[in-house]
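Structure at a glance
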Amino acid sequence: GPNHPDVSWARTSYADLLAALGRYDEAIPRYKSALAAQEDLLGPGHPAVGRTLLGMSRAVYSSGGVEAAEPLARRALALYEAAFGEEHPDVAMALATIAQLRAADDLAESERLYRRAIEIRERIFEPGSESVEILYRELAQLLAGSDDEQAEALSRRADSIREVRLTRAADL
């Protein structure tokens, strides 16, 4: 039925698609509907609602709701940390999302959040992890123009991570 958890996850997935297509005015109400259903079914403190919160935060930000986006992502972070502790892939994902949201307003805070997300992912994932490589590239882009030397070093690190992954794949 319409109140089944799978229906709310389908709403989130569809909202993710709409957001990816740049159709934020359609995505945001679907995120809100999915979030309301998930909170009713699972409770507002359940970590499973974090995915919807993060998707909605990105859509809200992209639609111009800069100030409204960050509290959504921070709520997801708090849910993940309460449920999983500080060393979990979902915590790193929330940190990276907040770093993206903060990039225009507070470069130092954004860099700190990216570095924390990288540290978590490096401890959790194997060498050559694409998710670690992506964070290094995002941080390099963030620092380009303000600290070009550091940006280049981060980009080289991302390249070395990719090389490890591709070498391992070739060996299979």
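This section reports on the structure supplied with the text. Throughout this description, residue numbers start from 1 for each chain and increase along the sequence as written. The predicted nature of this model means local features are confined to residues of pLDDT at least 70 and side-chain atom pairs, given and counted, to a pLDDT of 80 or more, with totals for whole chains, interfaces and linings taken over all residues. Working from all heavy atoms in the structure, the side-chain values ignore hydrogens and water.

What to know about the overall build of the protein
Numbering goes from the N terminus for both helices and strands, where a helix is a DSSP run of H or I of at least four residues and a strand is a run of E of at least two. Across its full length, the protein carries eight helices and zero strands. Along the chain direction, N to C, the helices and strands of the protein fall in the order α-α-α-α-α-α-α-α. In summary, the protein has a C-alpha radius of gyration of 17 Å against a globular reference of 16 Å for 172 residues, a match within 12%. Once the C-alpha set of the protein is aligned to its principal axes, its extents read approximately 50 × 40 × 30 Å. Under the scheme applied here, a residue whose accessible area is under 20% of the maximum for its type counts as buried, over 50% as exposed, and between as partly exposed, the area being computed with a 1.4 Å probe on protein chains only. A total of 172 residues make up the protein; the buried ones form 38% of that total. Contacts between residues were defined by any pair of non-hydrogen atoms, one from each residue, lying within 4.5 Å. In the protein, the proportion of contacts linking residues at least 24 apart, taken out of those at least 6 apart, comes to 57%. What the globule rule says is 2.2 Å times the number of residues to the power 0.38, and the radius of gyration is computed from C-alpha atoms.

Looking at helix α4 (residues 66-84)
An α-helix turns once per 3.6 residues; consequently, residues spaced three or four apart project the same way. Expected helix span is given by 1.5 Å per residue-to-residue step, counting one fewer step than there are residues. With 19 residues, α4 should reach 27 Å at 1.5 Å per residue; the first-to-last C-alpha distance of 28 Å fits that figure. On its buried side, α4 packs onto α3 (50-62) and α5 (89-102). Gly-85 sits one or two positions beyond α4 and adopts a positive phi of about 85 degrees.

Looking at the packing of α4 against α5
Only the contacting stretch of a helix is used when fitting its axis, a line to C-alpha atoms as for every element, and angles between N-to-C directions run 0 to 180 degrees. Relative to each other, α4 and α5 sit at 160 degrees, their axes nearing to 9 Å. With respect to α5, the axis of α4 lies roughly antiparallel. When you trace α4 past α5, the crossing you get is left-handed. Residues Ala-69, Glu-70, Ala-73, Arg-74, Leu-77, Tyr-80, Glu-81 and Phe-84 of α4 pack against Asp-90, Val-91, Met-93, Ala-94, Leu-95, Thr-97, Ile-98, Leu-101 and Arg-102 of α5. All amino acids are sorted into three groups, where Ala, Val, Leu, Ile, Met, Phe, Trp, Tyr, Cys and Pro are nonpolar, Asp, Glu, Lys and Arg are charged, and the leftover types, Gly among them, are polar. For the contact of α4 with α5, a count of residues per class yields eleven nonpolar, one polar and five charged. The cut-offs work like this: below 35 degrees is roughly parallel, past 145 is roughly antiparallel, 65 to 115 is roughly perpendicular, and the gaps in between are oblique. By the definition used in this description, the sense in which the near helix is turned from the far one sets the handedness, with an anticlockwise turn below a right angle giving left-handed and a clockwise turn giving right-handed.

As for the pattern of salt bridges
When a carboxyl oxygen of Asp or Glu lies within 4 Å of a side-chain nitrogen of Lys or Arg, that pair is called a salt bridge. This model, assessed by the stated rule, comprises 18 salt bridges. A salt bridge links Asp-16 to Arg-51; its shortest N-O distance comes to 2.7 Å. Here the residue Asp-16 occupies a position in helix α1 (residues 5-20), and Arg-51 occupies one in helix α3, the gap between them amounting to 35 residues. The residue Arg-123 makes a salt bridge to Glu-87 at a minimum N-O spacing of 2.7 Å. Here Glu-87 lies in the loop between α4 and α5 and Arg-123 lies in helix α6 (residues 107-124), a separation of 36 residues in the sequence. Here Glu-87 falls in the partly exposed class, since its relative accessible area comes to 40%. What you see here is one network of salt bridges that share partners, running through Glu-70, Arg-74, Arg-102, Asp-106, Glu-109 and Arg-112.

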